[in-house]
Amino acid sequence: MALASLSCKTISRGAGRSATAAAAYRTAERITDQRTGEVHDYRRRGGVDHVSMHLPTGAPAMTTDQLWNKVEASEKRKNSTVARELVVALPHELNQVQRRALAERVAGQLVERYHVAAQVAVHLPDADGDQRNHHAHILFTTRQMDANGDLGGKTRQ
């Protein structure tokens, strides 16, 4: 079995990034950023094997567009960190179902431990790259989410 590897990154307005753009790219979806009016359309992007949303218990279901626009609206500062991303290398020895389950388990633990909302996007290896490079992007909020789906205090861990 391959060694596990992961890295954590931030999505910060100070670096010129947005949670809506990051989510659209990772999930290969079209999202309109309601704060700026900018449209992020990555529906032609290939390589996204699976996408799932993970919310705290009781929180209402949300689309990718709804969650990340809610996140952007909750931040007022021009240099806010709006989201975090965990990139997880998935063992190539696992099959597709096992890789999805592993990524979802990691996201579920983040949601349970820190009371954040998370979205998983499992990506396939690039056609020209290493065919063992299965990985997941887990984008999660920097603020805790309550059972009503409202965002509260920042997580500092």
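Because the structure is predicted, anything quoted here is derived from the model rather than measured. (Residues numbered from 1 in each chain as written. Predicted model: local features only at pLDDT ≥ 70, side-chain atom pairs only at ≥ 80, totals over all residues. Heavy atoms only, no water.)

Enquirer: I'd like to hear about the overall build of the protein chain, residue by residue, with values.
Expert: Counting its regular elements, the protein chain contains 3 helices and 9 strands. For the protein chain, the sequential pattern of α-helices and β-strands runs β-α-β-β-β-α-β-α-β-β-β-β. With respect to the three principal axes, the spread of C-alpha positions in the protein chain is 45 × 30 × 25 Å. Each of the 157 residues in the protein chain was classed as buried or not, and the buried ones make up 44%. (Helix = DSSP H or I, 4+ residues; strand = E, 2+ residues; numbered from the N terminus. Buried < 20%, exposed > 50% of the residue type's maximum accessible area, 1.4 Å probe, protein only.)

Enquirer: For the packing of helix H1 (residues 19-27) against helix H2 (residues 64-74), give the residues involved together with the corresponding values.
Expert: At a closest axis distance of 8 Å, the pairing of H1 and H2 adopts a crossing angle of 155°. As far as their axial angle goes, H2 and H1 are roughly antiparallel. Note that H1 runs across H2; the crossing there is right-handed. Here Ala19, Thr20, Ala23 and Thr27 of H1 come into contact with H2, specifically with Thr64, Trp68, Asn69, Val71 and Glu72. Tallied by class, residues from the contact of H1 with H2 come to 4 nonpolar, 4 polar and 1 charged. (Axes fitted to C-alpha atoms, helices over the stretch in contact; angles between N-to-C directions. Parallel < 35°, antiparallel > 145°, perpendicular 65-115°, else oblique. Left-handed = near helix turned anticlockwise from the far one by under 90°. Contact = heavy atoms within 4.5 Å. Nonpolar A, V, L, I, M, F, W, Y, C, P; charged D, E, K, R; others polar.)

Enquirer: Describe the pattern of salt bridges, and please don't skip the residues or the numbers.
Expert: Going through the model one piece at a time under the given rule, you end up with 8 salt bridges. In this structure, the salt-bridge partner of aspartate 49 is arginine 100, at a minimum N-O distance of 3.2 Å. Taken together, the residues aspartate 49 in strand E4 (residues 48-54) and arginine 100 in helix H3 (residues 96-114) connect sequence positions 51 residues apart. Using a relative accessible area of 17% as the deciding quantity, one classes aspartate 49 as buried. Classification of arginine 100 as partly exposed rests on a relative accessible area of 24%. The residue glutamate 75 makes a salt bridge to arginine 143 at a minimum N-O spacing of 2.8 Å. With glutamate 75 in the loop between H2 and strand E5 (81-90) and arginine 143 in strand E8 (residues 143-145), this residue pair connects regions lying 68 residues apart in the sequence. (Salt bridge = Lys/Arg side-chain N within 4 Å of Asp/Glu carboxyl O.)

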